[in-house]
Each structure stands twice: as C-alpha cells, then as structure tokens.
Amino acid sequence: MASGFGKIVVGTYVEIKRSDGRIHQAMVTSMNEDNESVTVEWIENGDTKGKEIDLESIFALNPDVAPDEEIAPSPETPPPPTPTSVKVNKIAKNRRTIAPTKNETPSKDNRAIPTRARPPQSQQPEPAPPPPVQQPTQLQTQQQQQNARRKSNCVKEVEKLQEKRERRRLQQQELREKRAQEVDTTIPNYEIMYMIRDFRASLDYRPLTTADVIEEHRICVCVRKRPLNKKELTMKDLDVITIPSKDVVMVHEPKQKVDLTRYLENQTFRFDYAFDDCTSNEMVYRFTARPLVETIFERGMATCFAYGQTGSGKTHTMGGDFSGKNQDCSKGIYALAARDVFLMLKKPNYKKLELQVYATFFEIYSGKVFDLLNRKAKLRVLEDGKQQVQVVGLQEKEVKCTEDVLKLIEVGNSCRTSGQTSANAHSSRSHAVFQIILRRKGKMHGKFSLIDLAGNERGADTSSADRQTRLEGAEINKSLLALKECIRALGRNKPHTPFRASKLTQVLRDSFIGENSRTCMIATISPGMTSCENTLNTLRYANRVKELTVDPNQVMEGGRPNIHAVNQLDILDEEWLSISPQRDDLKLLCEQNEEEVSPQLFTFHEAVSQLVEMEEQVLEDHRAVFQESIRWLEDEKVLLEMTEEVDYDVESYATQLEQILEQKIDILTELRDKVKSFRSALQEEEQASKQINPKRPRAL
C-alpha cells in the first residue's frame with residue numbers, strides 16, 4: 001500500500017482540480033486502497049468541504065508525491081541531477097506538457113508523465129540496488145521546505161480563520177451554559193424575558209413620588225399598572241410593562257419575523273401620571289381624585305373614571321383592596337374622596353354654607369339603570385322641560401360621616417351585577433356610578449361622580465350567539481365610545497356634546513357641560529404578556545382622549561358622512577330614525593370613530609338602540625294595560641251584581657258591557673301591534689349581528 005500511494009500520507013497537502021477547472025490545495029484525510037483513491041478536505045467560505053479523487057489525477061498534478069519507482073531513471077543512465085528534477089516538478093505543477101530531450105527516447109521506462117502503469121515484465125531489468133540513503137533524505141527535505149512555503153501563504157490564513165471560529169463557538173457555548181444556570185429554562189418565554197431584562201438595564205428610572213408637584217388639569221389621564229396575580233405567576237407569565245418615569249408607560253410587545261426569529265417592539269405612551277405596580281390606592285388618589293374634591297365646593301361638577309380590561313384593577317382602585325371575595329372599602333377612592341369631603345366641610349369658608357352631603361349608588365347594565373341602594377330597583381332616565389336629565393326614582397341617602405359612606409358602598413357592591421370570565425372569577429359586567437352630592441337648602445351645590453366602568457374587552461362581544469351577551473357588549477361598546485367623545489367635547493369646549501348616545505353619558509350629562517367641570521380618567525392595565533393586546537387597546541383609548549386636548553386651539557376635522565351606513569339604515573324604522581335625538585348623537589358618534597366602527601357595526605348599534613327604546617315602550621304600555629285591567633274587573637263586578645236584581649235594566653247592562661269590551665279590544669290590539677313590532681326588531685337585531693365586520697377586530 002505504501003508503494004502504491006507514494007509519498008502520500010494522511011495530513012499531506014496536495015493540489016487538486018475542481019469540476020469548474022479551479023486548482024487549489026487540499027489536505028488528505030484518508031487513503032482508500034480498494035479503489036486506489038484518496039479523500040481530501042479543504043475550507044471554503046468558512047465551511048469544510050471534501051471529495052474523493054483517484055490517484056492518477058493526484059499524481060498528474062503532484063508528481064513530487066508519486067512513487068519513487070515511477071520517477072526513478074533507467075539503469076543505463078546516471079541519475080539526473082537534483083536541480084533538473086526540481087525544474088521538472090515546477091513544469092509539471094504549471095500544467096505544461098513535458099517534452100522528451102534529445103538524448104532520451106520516449107520509452108515506457110523513461111516517460112515523465114506520472115502514471116501508475118508499471119512497465120511490462122519482459123522489459124523490466126533486474127532489481128536495482130536500493131538508492132543511497134542520502135538521496136531520499138535530500139528529496140524529503142526539499143519537499144518539506146516546499147510544503148512549508150506553501151503553508152505560509154495560504155494554509156496559515158485558513159487555519160487562523162478556523163481557530164477563530166472554534167474560539168467563537170466555545171465562547172457562545174459558555175455564554176449559553178452560564179445563562180442556563182442563571183435562569184429557569186422551564187419559563188416558556190425566557191428569551192423574551194432576557195430581551196426585556198437587557199432593555200430595562202439601559203433605562204434611567206425616575207418613578208412618581210409624593211414629593212412631585214400635583215398639576216392642575218381640566219382633563220387628567222393617568223395609567224396604573226397592577227402586579228402579576230397568582231394565576232399569572234403560576235403560568236410563569238412575563239411582565240411586559242415598564243414605567244421608567246412619572247409620566248411614561250412602555251409596552252414590550254413580542255413579535256416574530258418571517259424566519260421565526262423573535263424580537264421586541266417597544267411602544268411608548270405618555271400621560272399626565274403613570275403609576276407602577278408598587279403604588280398604593282392612597283398615592284393614586286393623591287394625584288387623581290383628590291384635586292377634584294375642591295371643585296364640588298366651588299359649585300362645580302367632578303368626574304373620575306376607572307377604565308380598563310376585566311381583571312386589571314378597576315374595582316380594586318375605586319372600591320378598595322380585596323381579600324378573597326371580601327373587599328376593604330375603606331382603602332378605595334370612593335371612601336378616600338368621602339373622607340376629604342367631610343374634612344373640607346369643617347373648613348371655615350365652607351362651614352358657613354351649611355352644606356348637606358348625600359350619596360347615590362346605581363349601576364348601568366345593558367342600557368338599563370338599577371338603584372343599588374334600593375334593592376336594585378329599575379329606574380327610568382328622562383329629560384324634563386328644561387332639558388335636564390332626571391333619573392326617576394333614584395334614592396339619595398344623607399350621610400353624616402365617612403362610616404355612613406362605607407356602609408352604603410358595601411350595600412351597593414353586594415348587589416352589583418358580576419359574572420365569571422377567563423380573566424377574573426368576580427368580573428364586573430356593569431358600569432357602577434357612586435355620586436357624592438352637596439346640597440344647600442335643597443338645591444344642588446356640587447356633585448362628584450366616581451365611575452367603575454365595565455371591562456373594555458366586553459365591547460368586542462357583539463357577534464356572540466347569545467342575545468344577552470350581544471346586547472351587553474353593544475351597550476358597553478357604545479357607552480365607551482360616547483364617553484370618549486364627551487370628554488373630548490369637554491376638553492375642546494365644543495358646542496354640542498353627544499351625551500344621548502348612551503345611558504352612561506346621558507346620566508352624566510351635567511358633568512360634561514359647563515365651564516366648571518373637571519374629569520379624571522384612570523386607565524388600569526394588566527402587566528402579563530397574555531394581556532398585551534388588551535393593554536395596548538386600553539392605552540390607545542386613553543392616549544386618544546388626552547392627545548386631542550393638548551392643544552385647545554387645534555381644530556378637529558369632522559368625520560366624513562358614512563354613506564354605506566346610512567343606506568343600510570333604511571331597513572330600520574324610519575319614524576324612529578327621524579324623531580329620536582338619540583339616533584342623531586349615535587350617528588355623530590360613529591362618524592367621528594370610523595376607524596373603530598364599521599358600517600355593519602353602526603347598523604347593529606342602531607338596531608340595538610331601537611330595540612331598547614321599543615322594549616321600554618312595550619313594558620310601559622303593558623303596565624298601563626295591567627292597571628286598566630284592574631279597573632275593568634271592578635266595572636264588570638258592578639255589572640254582574642246589577643244582574644242579580646229582579647228587575648235590572650237589560651239594555652243598560654248590554655250597553656255598558658259592550659263599552660268595556662270595546663275598550664279592552666282597542667287597548668289590547670294596540671299592545672299586540674307593539675309587541676309584533678318589538679319581535680320584528682328582535683329579528684332585525686339578530687340579522688344585523690350576523691353581518692358585523694369591524695374594521696379593527698379588537699376591543700375599544
């Protein structure tokens with residue numbers, strides 16, 4: 001095997017010819033005796049490549065590694081001098097044809113073309129004595145020098161690159177092992193966690209403190225982040241919300257590229273105040289609702305909203321801390337505001353006014369108002385002759401101290417409509433409105449409305465198969481849109497406020513009208529990565545409310561009339577559309593929010609509004625018929641008693657009975673027609689819900 005492979009050994013560098021004609025060096029990695037070939041490898045563009053080449057091709061390009069017997073001279077001629085062999089090697093290396101000299105014959109014994117074809121046995125002379133030891137040693141020395149020269153110009157660079165690549169691989173492996181030791185790799189999104197951690201390390205944190213100045217705002221919008229709850233900690237959910245300063249909120253939204261590489265999209269929002277997950281209710285109250293207390297003593301109207309996703313901390317902020325299902329009402333904004341109201345009453349300049357404090361607590365659910373302090377009695381919202389909105393039957397309870405207020409809050413919270421959702425086992429499904437009213441000699445002096453809104457993600461439940469869920473979601477959706485537009489109108493001093501578009505804004509009409517009205521919105525957000533979309537929706541809503549009130553001189557562009565929506569409204573009751581002021585405000589509301597309300601969704605809101613109005617009308621007529629039926633029974637009883645007399649007037653009896661029956665027929669026929677129309681409206685609402693195609697499939 002050694003004689004067949006010549007001077008080729010594993011590790012030898014030889015010239016090879018590629019299929020495209022290129023010639024370069026490669027290292028022999030193995031020798032294959034079976035098929036008389038060698039396997040070579042080389043590095044190209046940082047990658048190791050290899051191929052199998054037969055010995056003839058190797059010896060053709062590398063005659064210096066051919067077997068000694070193939071390049072040994074004939075016995076008749078003296079051995080050629082060393083320089084000549086070196087010269088021949090150079091010529092062969094340059095791929096030039098070697099021509100025979102004059103003193104040589106082109107016999108098979110003396111050909112310079114390096115092939116493995118051995119001379120025939122008949123022409124082979126007797127075995128010559130082995131060459132002197134000095135000759136092979138000299139040739140090997142020259143070969144080693146030549147290989148060293150080759151290695152110095154090309155191979156060394158390749159080896160350097162290979163060494164650098166190996167070092168980088170080792171460093172990356174060490175870094176991965178070190179990180180694996182630092183973090184629990186069982187966390188589903190530990191890569192995202194590292195990105196967020198590295199990003200936060202570069203931030204300069206300056207959170208809100210009690211030393212910061214409380215600024216005066218007619219409309220104040222702030223954001224509160226809650227800590228991760230037990231469910232999120234069990235799921236090992238990540239905190240993707242960062243509040244680096246007193247007015248900045250950053251959301252680290254995980255994204256994925258086309259090649260499945262994950263990265264962060266950091267979105268920044270700016271508000272009046274930003275509260276992190278370590279902030280207490282007392283701190284939130286200090287910067288939001290507390291500056292509004294003095295407003296109601298100055299004959300003003302103050303409003304404070306808590307807005308956000310279900311389970312983000314709205315009820316905790318407004319009502320107080322929860323311990324299981326029990327709530328400590330003394331630590332909520334309701335109680336803190338009441339405490340400061342009674343403290344202000346003791347001041348000399350307000351004590352002389354002899355003000356009385358009253359409280360009301362009611363909820364708005366699916367467009368209906370219920371009194372939480374009167375066994376959840378259903379109330380009616382009407383406008384009087386002076387266009388003042390009145391909640392008919394709402395009870396006002398006089399309170400003398402903070403403890404009285406706490407008792408009312410506990411009673412109201414126990415009656416409030418709630419349900420179980422995926423986000424919260426005790427989720428609020430209605431808007432809760434707690435009002436502190438100051439009266440002087442029976443007349444209203446000021447009013448502070450504190451509202452815990454329903455979860456904003458429920459506004460997306462308008463295509464549900466269940467009608468109750470659809471109506472509930474539609475009312476929440478509409479009321480949140482109306483609330484936003486009313487706040488914008490208040491901040492820009494617009495001549496018209498679309499308060500009739502929803503029951504919530506209709507009840508709070510006096511809080512949006514007048515120069516001495518102030519509003520505060522607390523947007524509560526969940527920090528978990530699973531709630532990222534709802535969190536962004538909440539922040540966009542709050543940001544839009546505030547950004548349009550920064551420059552009061554800016555003229556807001558009016559919404560384009562929605563032609564498609566108007567055309568689709570032809571299926572509704574034209575009489576209702578033409579006479580209802582609620583319809584005008586709803587149309588204005590949807591035109592100003594075209595990006596969030598598609599024509600189909602607008603049609604659905606129209607159908608729901610008409611349905612709610614017709615429902616109230618049918619119920620009112622039904623009550624009237626019931627009361628009239630009692631009177632009919634009394635009249636019929638008198639008639640029957642008259643017939644028991646011996647000589648009763650038969651004609652008078654028949655006449656009176658006919659009159660009673662005609663009245664019954666007229667009233668019951670009218671009620672039946674209204675019920676038929678109401679059933680038709682129910683079917684139209686169901687059809688409209690199936691055609692909903694919102695432009696943005698997200699909650700408000």
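Residues numbered from 1 in each chain as written. Predicted model: local features only at pLDDT ≥ 70, side-chain atom pairs only at ≥ 80, totals over all residues. Heavy atoms only, no water.

Undergrad: Looking at this structure, how should I read the sheet that holds strand β7 (residues 248–256)?
TA: Across a sheet, paired strands are connected by hydrogen bonds in the backbone, their directions being either parallel or antiparallel. Overall, antiparallel pairing links the three strands, which are arranged β6-β7-β8 in an open sheet. Only two strands of the sheet have a single partner each, and these edge strands are β6 (241–245) and β8 (262–270). This sheet shows a mean twist of 30° between the axes of neighbouring strands, independent of strand direction. By the bridge criterion, three bridges tie β6 to β7 in an arrangement that is antiparallel. Its bridge partner being in β7, I241 is matched across the sheet by V251. (Pairing = 2+ DSSP bridges. Helix = DSSP H or I, 4+ residues; strand = E, 2+ residues; numbered from the N terminus. Axes fitted to C-alpha atoms, helices over the stretch in contact; angles between N-to-C directions.)

Undergrad: Would you mind showing me how to read unusual backbone geometry here?
TA: It is generally the case that most residues other than glycine have a negative phi and that most peptide bonds are trans. A positive phi angle, close to 50°, is found at E36, a residue other than glycine. Since its relative accessible area comes to 40%, E36 is described here as partly exposed. A positive phi angle, near 60°, is found at K376, a position not held by glycine. Assignment of secondary structure puts K376 in the loop between β14 (368–371) and β15 (377–383). You can call K376 partly exposed: its relative accessible area is 30%. (Buried < 20%, exposed > 50% of the residue type's maximum accessible area, 1.4 Å probe, protein only.)

Undergrad: What should I look at first to understand the nonpolar core in this one?
TA: Soluble, globular proteins show a tendency: their nonpolar side chains are buried together. One finds V249, F271, F305, V369, L453, I487 and L539 to be the most contacted residues of the largest nonpolar core, which totals 51 residues. Among residues more than four places away in sequence, those in contact with V369 are F362, E363, I364, A377, K378, L379, V381, V391 and V507. V293, M318, A335 and A337 belong to the second-largest nonpolar core, a separate cluster that totals 50 residues. (Core = buried A, V, L, I, M, F, W, Y, C linked by side-chain atoms within 4.5 Å. Contact = heavy atoms within 4.5 Å.)

Undergrad: I tried to follow the pattern of salt bridges on my own but got confused; where do I start?
TA: Any two side chains of opposite charge can pair, given that their charged atoms come close. Taken as a whole, this structure holds 27 salt bridges when the rule is applied. Note that E396 is salt-bridged to R439, the shortest N-O span being 2.9 Å. Taken together, the positions of E396 in the loop between β16 (389–392) and β17 (397–398) and R439 in strand β20 (residues 431–440) put the pair 43 residues apart, joining distant regions of the chain. Of the charged contacts, one joins E670 and K674 as a salt bridge, the two residues approaching to 4.0 Å between their closest N and O atoms. Taken as a pair, E670 and K674 lie in helix α22 (residues 650–690) at a separation of four residues, close to a single helical turn. The class for K674 is partly exposed, based on a relative accessible area of 25%. Bridged by salt links that share partners, the residues R18, D20, R22 and E44 form one connected network. (Salt bridge = Lys/Arg side-chain N within 4 Å of Asp/Glu carboxyl O.)

Undergrad: Would you mind going over a negative patch on the surface with me for this structure?
TA: Taken together, the side chains of E641, E644, E645 and D647 make up a negatively charged region of the molecular surface. Residue placement: E645 occurs in the loop between α21 (599–643) and α22. (Patch = residues over 30% accessible without salt bridge, like charges linked within 9 Å, V, L, I, M, F, W, Y side chains within 5 Å. Areas by Shrake-Rupley, 256 points an atom, 1.4 Å probe, with all protein chains shown as cover. Lys, Arg positive; Asp, Glu negative; His and termini not counted. Charge placed at Lys NZ, Arg CZ, Asp CG, Glu CD.)

Undergrad: Sorry, what's going on with the packing of aromatic side chains here?
TA: Where two aromatic rings form a pair, the distance of their centres and the angle of their planes describe that pair. According to the stated counting rule, one finds ten aromatic pairs in the structure shown. Between F275 and F287 the ring centres are 6.4 Å apart and the planes differ by 55°, which places this aromatic pair in the tilted class. A residue pair is termed long-range when its members are at least 10 positions apart, and F275 in strand β9 (residues 273–275) and F287 in helix α8 (residues 281–287) qualify at twelve residues. By relative accessible area, F287 is classed as buried at 1%. Sitting over the face of the ring of Y263, K257 holds its NZ or CZ atom 5.8 Å from the ring centroid. Over the ring of F287 we find R286; its NZ or CZ atom is 5.8 Å from the centre of that ring. (Phe/Tyr/Trp six-rings, centres within 6.5 Å; stacked < 30°, edge-to-face > 60°. Lys NZ or Arg CZ within 6 Å of the ring centre and 35° of its normal.)

Undergrad: I'm lost on the sheet that holds strand β4 (residues 47–54) in this one. Help?
TA: Strand order in the open sheet made by the four strands is β1-β2-β3-β4, with antiparallel pairing throughout. Looking along the sheet, the strands with just one partner apiece sit at the ends: β1 (13–17) and β4. If you compare each strand with its neighbour and ignore which way they point, the axes differ by 45° on average. Pairing geometry for strand β2 (residues 23–32) and strand β3 (residues 37–44), over five bridges, is antiparallel. Bridging across to β3, S30 finds its partner in T39.

Undergrad: Quick question: what am I supposed to make of the environment of A359 here?
TA: Within the secondary structure, A359 is located in strand β13 (residues 356–365). Residue classification places A359 among the buried positions, given a relative accessible area of 1%. Residues A359 and E398, 39 residues apart in the sequence, show an inter-C-alpha distance of 6.3 Å.

Undergrad: Is there a simple way to think about the packing of helix α11 (residues 333–345) against helix α13 (residues 402–415) in this case?
TA: Where α11 meets α13, the closest approach of the two axes is 9 Å, and the angle between their N-to-C directions is 155°. The angle between the axes of α11 and α13 places the two elements in the roughly antiparallel class. For the element pair α11 and α13, the recorded crossing hand is right-handed. Within the contact between the two elements, α11 uses Y334, A335, A338, R339 and F342 and α13 uses T402, V405, L406 and I409. (Parallel < 35°, antiparallel > 145°, perpendicular 65-115°, else oblique. Left-handed = near helix turned anticlockwise from the far one by under 90°.)

Undergrad: In this structure, what is going on with a positive patch on the surface? I would like to understand it.
TA: On the surface, K156, K160, K164, R167 and R168 cluster together into a patch of positive charge. By the element assignment, K156 lies in helix α5 (residues 134–182). By relative accessible area, which is 42% here, K156 ends up partly exposed.

Undergrad: What is the right way to read the confidence of the model for the chain from this model?
TA: Detail in the predicted coordinates should be disregarded across regions flagged by low pLDDT. Per-residue confidence for the chain averages 76 on the pLDDT scale, and 73% of its residues sit at or above 70. Predicted confidence in the chain is weakest over helix α18 (residues 563–568), with a mean pLDDT of 34, and strongest over β9, with 93. Low pLDDT, under 50, characterises residues 70–127; the stretch is placed with 39 contacts to residues that sit more than four places away or in other chains. (pLDDT = per-residue confidence, 0-100.)

Undergrad: Would you explain helix α14 (residues 467–492) in this entry?
TA: Quick reminder: α-helices carry 3.6 residues per turn. Residues three or four places apart thus point the same way. Along its 26 residues, α14 runs 37 Å from first to last C-alpha, staying within 8% of the 38 Å computed at 1.5 Å per residue. By the criterion of burial, α14 is predominantly enclosed, with 23 of the 26 residues buried. N493 occupies a position one or two residues after α14 and carries a positive phi of about 55°. (Expected span 1.5 Å × (residues − 1).)

Undergrad: How should α13 be read in this particular structure?
TA: Taking 1.5 Å per residue, 14 residues should reach 20 Å; α13 reaches 21 Å between its end C-alpha atoms and fits that length. Taken together, the buried positions of α13 are T402, V405, L406, L408, I409 and G412. The buried residues of α13 all sit within an arc of 165° when viewed along its axis, so they share a single face. Facing away from the buried side of α13, by more than 90 degrees, are the exposed residues K407 and S414. Residues of α13 that are buried sit in contact with α11, β13, β17 and β20. (Arc of directions from axis to C-beta.)

Undergrad: Quick question: what am I supposed to make of the pairing of β2 here?
TA: On any regular strand, side chains alternate: one points to one face of the sheet, the next to the other face. With five bridges joining them, β1 and β2 adopt antiparallel strand pairing. For E15, the partnering residue across the bridge sits in β2 and is Q25. Hairpin connection of β2 to β3: four residues between the antiparallel strands, including E36 at a positive phi of 50°.

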